[in-house]
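Understanding the architecture of this molecule
If you want the building blocks of each chain, they are given just below.
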Amino acid sequence: MTAEALRAQGFEVEVSIDAAARPAVEVEADRIDRQAERVAALEQKAERRSDRAEQAWKAEHRAVEALPPGESRSRSVIIPNSAIDEQSIQRTGG
């Protein structure tokens, strides 16, 4: 809440602004920490997408194996589009 909103609710508010700049070392350390957190988040995202692509690849192969010998069908007939993340498969080289 802003100071005005707190005052409107009956709170006493004192606002103090420190105009001093933080040391460059501290600023850089904070930036490195944020960057490391972003890297970790992106690695987790990549792992999830890789897992989904692997699952789609396996589902396609199970469906193909279930076809009678000599019969072939397009991927769109074998597995509904919602079951395949085509972009994930292409990104992982599948």
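Here's what I pulled together on the structure shown here. Predicted model, so just to flag it, every value in this text is computed and none were measured.

This next bit is on the overall build of the protein chain. For the protein chain, the count of helices and strands is four helices and zero strands. Sequence-ordered secondary structure for the protein chain, helices as α and strands as β, is α-α-α-α. Going through the 94 residues of the protein chain one by one, you find that 11% of them count as buried. If you sum the accessible surface of the protein chain, you get close to 8,100 Å²; carbon and sulfur atoms cover 51% of it.

The final tally for this structure, using the stated rule, is four salt bridges. Between E26 and R22 there is a salt bridge, and its shortest N-O distance comes to 3.5 Å. R22 sits in the partly exposed class, given a relative accessible area of 42%. Across the pair D30 and R22 runs a salt bridge whose closest N-O atoms are separated by 2.4 Å. Looking at D30, the relative accessible area reads 27%, which means it is partly exposed. Connected through salt bridges with shared partners, the residues R22, E26 and D30 form a single ionic network.

Among the surface-exposed residues, R38, K45, R48, R49 and R52 lie close enough to one another that they form a single positively charged patch. Note that R49 resides in helix α2 (residues 24-66). On the accessibility criterion, R49 (36% relative accessible area) is partly exposed.

So, how was this worked out
Residues numbered from 1 in each chain as written. Predicted model: local features only at pLDDT ≥ 70, side-chain atom pairs only at ≥ 80, totals over all residues. Heavy atoms only, no water. Helix = DSSP H or I, 4+ residues; strand = E, 2+ residues; numbered from the N terminus. Buried < 20%, exposed > 50% of the residue type's maximum accessible area, 1.4 Å probe, protein only. Areas by Shrake-Rupley, 256 points an atom, 1.4 Å probe, with all protein chains shown as cover. Salt bridge = Lys/Arg side-chain N within 4 Å of Asp/Glu carboxyl O. Patch = residues over 30% accessible without salt bridge, like charges linked within 9 Å, V, L, I, M, F, W, Y side chains within 5 Å. Lys, Arg positive; Asp, Glu negative; His and termini not counted. Charge placed at Lys NZ, Arg CZ, Asp CG, Glu CD.

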